[in-house]
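Results of the structural survey
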Amino acid sequence: MDLINDFIAKMLPYTEWPMFILLILGGLFLVFYSKLLPYRYFGHAIAITMGKYDGKDAKGDVSSFQALSAAVAATVGLGNISGVAIAIHDGGPGVVFWIWMTALIGMCIKFYSCSLSIMFRKTDAQGNLQGGPMYYITQGLGEKARPLAVFFAICGLFGFLGVFTANQFTETFMSVVEPSRTIYGMSDVNWKWTIGLVLALVTSLVIFGGLTKIAKVASAIVPFMVAVYLIAVIVVMVMNASQIIPSLQMIITEAWNFDTMVTGGFWGLVIIGVRRAMFSNEAGLGSAPMYHGQSKTDNPIKEGLVAMLGPFIDTIMVCTFTAVVIILSGAYLEDQSGIVMTLSAFEKTLFGYGDGLLMLIVTAFALSTLFTYSYYGVKCLSFLTNAKIGRFYNWYFVIMIVFAAVASLELVKNLIDLSYALMVIPNMIAVLLLAPKVNKAANKYFKNLKNGRA
């Protein structure tokens, strides 16, 4: 594991510039190219999500709300709870500001990429609709661009593993329950193997049921778990109201700290923010278009607007709340990272029971994320081979859950960071090249909306 980690850690710096140029500069180009269109129609996007503009004869497997829930299930999760803690541990409170900036740009990227997932979807050999980067690359840019799609799918075989989630769930269980003391006396390593096996078993019961089952489970769990988490965070913030403004001020002032101790100085701080924001909301990564590509919708722009809400919900809202709790509790000053830091923050601020409550929330987050991520991997392998072979990804996915339970946080974090950075390259190239097609469709859609024909 140390050898693998060392290799991945050496590769990571080479991905920083391509990721930054494509995600941030490319994203800023889309913001201005769209004339701020996604942001201007934020209210309309909420109305579409609520089903106000659903077409009865629209093709697809799941509703827009289910697609958003499933995509949010994969993103609102441990990336928001422990990902923020890792960011603050690695770069200090100021890193949260750069997470915000990346998320705001990410909303526009999601609008374009998920519009393309409907615009260029196709039916596979089994008659199911398929959408996502592989399809808008090959259909939108033509067969000459197939190597880009293949590169994306290969990286996705690693990027869509549930290793980070499995690892952080195991850490939470070990930290809160202390099983060797409270359940059965055996070594921590054996307990980690046990947790990994149980998690793999539970996950396999759902993921072998297919997409509709995943969508139903995810849309049932997501609103509930987000609500419980937000209530817990709001209670903490109300009880510590005097600390909220100083915490937010610290985020903004530290964001511009040019003398920061982060490796790579100020540039290192920005890069950590970009990485963690991408891990939190997955904008530019190409995962959400795979889910939104299955939506029952007759219009690409509608789906793009629904998808745009994802980064706002999981990063601007959930990540900010988590960050404020970590800062006002003082947990960020302790030498701990990941979920352990967030657990400490909740325990301090919720009468000593916060870590137990967070354990329940993390369990729901972890399971919903594992259910949705496996589907992304299946789509990648199906594209590289065929739909029948694609299903075998689930077995590999389940085995890797067990591996992740005993791996170090550093290893799983680096593996995901490298895979994500590489996936951004083909996806953002395609999104930028195909953006004019989205603008053309958007102009037509909003013209019809004005005339009452949306």
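Residues numbered from 1 in each chain as written. Predicted model: local features only at pLDDT ≥ 70, side-chain atom pairs only at ≥ 80, totals over all residues. Heavy atoms only, no water.

For the protein chain, the helix and strand inventory stands at 22 helices and 2 strands. The buried share of the protein chain, reckoned over its 454 residues, is 60%. Long-range contacts, defined here as pairs at least 24 residues apart, represent 83% of the contacts in the protein chain between residues at least 6 apart. Within the structure as shown, the protein chain displays about 17,900 Å² of accessible surface, and the carbon and sulfur contribution to it stands at 66%. (Helix = DSSP H or I, 4+ residues; strand = E, 2+ residues; numbered from the N terminus. Buried < 20%, exposed > 50% of the residue type's maximum accessible area, 1.4 Å probe, protein only. Contact = heavy atoms within 4.5 Å. Areas by Shrake-Rupley, 256 points an atom, 1.4 Å probe, with all protein chains shown as cover.)

Attention now goes to the packing of helix 7 (residues 95-119) against helix 17 (residues 300-329). Remark: helix 7 packs on helix 17, axes separated minimally by 7 Å, with the N-to-C direction vectors making an angle of 160°. The angle between the axes of helix 7 and helix 17 places the two elements in the roughly antiparallel class. Considering the relative orientation of helix 7 and helix 17, their crossing is right-handed. When its residues are assigned to classes, the contact of helix 7 with helix 17 shows 19 nonpolar, 5 polar and 2 charged. (Axes fitted to C-alpha atoms, helices over the stretch in contact; angles between N-to-C directions. Parallel < 35°, antiparallel > 145°, perpendicular 65-115°, else oblique. Left-handed = near helix turned anticlockwise from the far one by under 90°. Nonpolar A, V, L, I, M, F, W, Y, C, P; charged D, E, K, R; others polar.)

With that settled, the discussion passes to the pattern of salt bridges. In this structure the tally under the stated criterion is 5 salt bridges. The salt bridge partner of K192 is E171, with a shortest N-O separation of 3.5 Å. Of this pair, K192 sits in helix 12 (residues 188-207) while E171 sits in helix 10 (residues 163-177), and the two are 21 residues apart along the sequence. What makes E171 partly exposed here is its relative accessible area of 24%. For the salt bridge of K413 with E410, the shortest nitrogen-to-oxygen distance reads 3.9 Å. In this pair, K413 and E410 are both assigned in helix 22 (residues 409-450), 3 residues apart and thus about one turn of the helix distant. Assessed through its relative accessible area of 40%, E410 is described here as partly exposed. Among the charged side chains, a salt-bridge network with shared partners connects D90, E410 and K413. (Salt bridge = Lys/Arg side-chain N within 4 Å of Asp/Glu carboxyl O.)

Moving on, we come to the side chain of N167. Structurally, N167 is set in helix 10. Reaching out from N167, the side chain makes a polar contact with the side chain of Q168 at a distance of 3.0 Å. Of the polar contacts made by the side chain of N167, one reaches the backbone oxygen of A407; its length is 2.8 Å. Not counting chain neighbours up to four residues away, the residues in contact with N167 comprise A404, A407, S408, L409 and V412. (Polar contact = N/O pair within 3.5 Å; in protein donor to acceptor, adjacent residues only side chain to side chain.)

Tracing the sequence through the fold places G196 in helix 12. Taking relative accessible area as the criterion, G196 reaches 0% and is therefore assigned buried. Each C-alpha atom of the pair G196 and V402 lies 4.2 Å from the other, and the pair is 206 residues apart in sequence. Residues in contact with G196, not counting those within four places in the same chain, are I401, V402 and A405.

Going through the model one piece at a time under the given rule, you end up with 19 aromatic pairs. Pairing F29 with Y33 gives two aromatic rings, centres 5.2 Å apart and planes at 15°, and the pair type is stacked. Remark: Y33 and F29 occur in helix 2 (residues 16-33); sequence separation between them is 4 residues, near one turn of the helix. The exposure class of F29 is partly exposed, given its relative accessible area of 43%. The exposure class assigned to Y33 is partly exposed, which follows from its relative accessible area of 30%. With centroids separated by 5.1 Å and ring planes inclined at 50°, the aromatic side chains of F160 and Y376 adopt a geometry described as tilted. (Phe/Tyr/Trp six-rings, centres within 6.5 Å; stacked < 30°, edge-to-face > 60°.)

Geometry only, nothing functional implied.
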